[in-house]
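Chain and residue survey
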Amino acid sequence: MTGVQTCALPICFPVTIRKARELANRLIGKYQQELLYYSTFSVNDKNFMATDIISAIERYRSLLKTMKKNGDVDEYNKQRPTFNSYNNRFKGLFNRPTE
């Protein structure tokens, strides 16, 4: 034994989580901006853009579900209320489930 530790899971794992969270947060910001933009539309325009709006909601949701699935429950629970607030902006039109 040399006493030198190579890049084993306990050392590398926190770096991977940090990088995953950074990427997820950048994507979440993009989806939030997109949903905020759509929320300014008239009801008719929102209905016209329904596919794009629902896709943005579901892309955002998929990031949260990926966090939860991969065991990052603390980050999932931190992000969930914000997701639900963006999702609820379209509640009367599309009735997407909350997280």
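Here, the structure is the one placed above.
Predicted, not measured: the structure shown is a model, and the values here were computed from it.

What follows deals with helix α3 (residues 50–69). If you check α3, its first and last C-alpha atoms are 28 Å apart, about what 20 residues at 1.5 Å a residue would give, namely 28 Å. For α3, the full list of buried residues reads Ala50, Ile53, Ala56, Ile57, Tyr60, Arg61, Leu63, Leu64 and Met67. Looking down the long axis of α3, one finds its buried residues gathered within 165° of arc, a one-sided arrangement. Exposed residues on α3 whose side chains face more than 90 degrees from its buried face are Thr51 and Lys69. Positive backbone phi, approximately 85°, marks Gly71, located one or two places after α3.

Attention shifts here to the environment of Lys68. Of note, Lys68 is situated in helix α3. Lys68 gets classed as partly exposed once you look at its relative accessible area, which sits at 46%. Not counting chain neighbours up to four residues away, the residues in contact with Lys68 comprise Val73 and Tyr76.

Let's shift gears to the layout of surface pockets. Roughly 260 Å³ of volume is contained in the largest pocket. Forming the walls of the largest pocket are 12 residues, and the residues nearest its centre are Ala20, Thr66, Met67, Asn70 and Asp72. For the lining of the largest pocket, the secondary structure elements donating two or more residues are α1 (9–39) and α3. Residues that form the lining of the largest pocket fall into these classes: 6 nonpolar, 4 polar and 2 charged.

Conventions used here
Residues numbered from 1 in each chain as written. Predicted model: local features only at pLDDT ≥ 70, side-chain atom pairs only at ≥ 80, totals over all residues. Heavy atoms only, no water. Helix = DSSP H or I, 4+ residues; strand = E, 2+ residues; numbered from the N terminus. Expected span 1.5 Å × (residues − 1). Buried < 20%, exposed > 50% of the residue type's maximum accessible area, 1.4 Å probe, protein only. Arc of directions from axis to C-beta. Contact = heavy atoms within 4.5 Å. 1 Å grid on protein atoms, 1.4 Å probe; cavity = no way out; pocket = protein on both sides within 12 Å on 5 of 7 lines; lining within 4 Å. Points joined across faces, edges and corners; volume = space filled by probe spheres on them. Nonpolar A, V, L, I, M, F, W, Y, C, P; charged D, E, K, R; others polar.

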